[in-house]
Amino acid sequence: QDAGNHTLLTEFVLSALSSRPELRHLLFFTICLVYSVTLIGNLLICVVTVHPTLHTPMYFFLRVLSFLDISTASVVVPKMLVNLLSEDRSISYLGCVTQLYCVVFLAATEWYLLAAMAYDRCVAVCSPLRYAAIMSPRACLSLVLLCCCSGKVVAVVQTAWVFTLSLCGPRRINYFFCDIPPLLLLSCADTSRYERQLLSATVLVIFTPFCLILLSYACIISSILKISSAQSRHKTFSTCSSHLTVVTLYCASGTLIYLQPKSSNSQDAKKILALIYTAVIPTLNPLIYSLRNKEVKEVLIRVTAVLMKK
């Protein structure tokens, strides 16, 4: 169909991670291994945190985070793996809409969840006597539902904005999945207004939770400094350091991807950052939380020992 001098797009063609055929099989097996570790690691976290000794809000949030990581990787990685070995790398218009919606929804929800996790740690350290009352199971579930609802609103608005733009040829997306920056490059209309809106959304989704996280950690550090025992200070901070590491990884990659949405010169760099965001970080989360958390390691060892006996 023609609209003026432009061809309306009914499908898109995604690019492979590498245009060099000799690297495709190596990339396929490497990413397949990373994806397998992501699934196994996060599923283990989901199973381990159900253990009675880990029935606390911190591990409830960690279980939800692991589920979101599995979902994020599963939305992007399987299609990426198929495209590495296939010459037909097309994705339908509806498939692209669905993938973009899922990616934005999961990313936004995860950011809000990280802020909720920081609040949980803040209450645990700053108000330990009131912790059980403030972070009740109902309050924790309400926070997770609020994160999901906020993520849904962001995803609906961003997806609707992108696909109401006039997208015209070429239909090739210089990216391995449907995301906002590469889709903007296909627009045949002025996107400056949308880019300003995307900047506002980036501030809302990334920097607002990040500021809340920093505020929580400022309160945590203030409380930690009041603890007289050096051993107690170290133990208290170690329970927060894993979460802070994950926040730093997400913030660094997320801001670099979305702060310059229509910069064609940085698309290759953005592809690497997007690969880290969607495939590598979900793999690192279980390692960060399990290796730096004594309680998780102890339960993991016990569960593994029981499974090996069977």
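Residues numbered from 1 in each chain as written. Predicted model: local features only at pLDDT ≥ 70, side-chain atom pairs only at ≥ 80, totals over all residues. Heavy atoms only, no water.

Under an unreviewed UniProt entry, the name given to the protein is Olfactory receptor, and the organism recorded is Phainopepla nitens. According to its UniProt record, the protein has this under Subcellular location (unreviewed entry): "Cell membrane". You can read under Sequence similarities (unreviewed entry) in the UniProt record for the protein the words "Belongs to the G-protein coupled receptor 1 family." (UniProt positions renumbered as here; feature names shortened; annotations may be inferred.)

Quick look at the overall build of the protein now. From N to C terminus, the protein includes ten helices and five strands. In the protein, which comprises 310 residues, the share counted as buried stands at 46%. Sequence-distant contacts, at least 24 apart, represent 79% of the contacts inside the protein between residues at least 6 apart. Summing over all exposed atoms, the protein offers an accessible surface of approximately 15600 Å²; the carbon and sulfur share of this is 67%. (Helix = DSSP H or I, 4+ residues; strand = E, 2+ residues; numbered from the N terminus. Buried < 20%, exposed > 50% of the residue type's maximum accessible area, 1.4 Å probe, protein only. Contact = heavy atoms within 4.5 Å. Areas by Shrake-Rupley, 256 points an atom, 1.4 Å probe, with all protein chains shown as cover.)

Moving on to the packing of aromatic side chains. Applying the stated rule across the entire model yields ten aromatic pairs. The interplanar angle of 85 degrees and the centroid separation of 5.4 Å between the aromatic rings of Phe28 and Phe29 together place this pair among those described as edge-to-face. According to the relative accessible area criterion, Phe28 is buried, its value standing at 18%. Judged by centre distance (5.3 Å) and plane angle (70 degrees), the rings of Tyr93 and Phe163 are edge-to-face. Of this pair, Tyr93 sits in helix 3 (residues 93-126) while Phe163 sits in helix 5 (residues 137-163), and the two are 70 residues apart along the sequence. A relative accessible area of 30% places Tyr93 in the partly exposed class. Chaining the aromatic ring pairs together yields one cluster made of Phe12, Tyr93 and Phe163. (Phe/Tyr/Trp six-rings, centres within 6.5 Å; stacked < 30°, edge-to-face > 60°.)

In this section: the state of the cysteines. In the structure shown here, the tally under the stated rule is one disulfide. Across the disulfide from Cys96 sits Cys178; the S-S distance is 2.0 Å. Across the disulfide from Cys96 to Cys178, rotation about the S-S bond amounts to roughly -120 degrees, and the bridge is consequently left-handed. With Cys96 in helix 3 and Cys178 in the loop between strand 5 (172-173) and helix 6 (180-184), this residue pair connects regions lying 82 residues apart in the sequence. Assigned by exposure class, Cys96 and Cys178 land together as buried. This cysteine, Cys149, is not joined by any disulfide, and Cys148 carries the nearest cysteine sulfur, 6.9 Å off. (Disulfide = S-S within 2.5 Å.)

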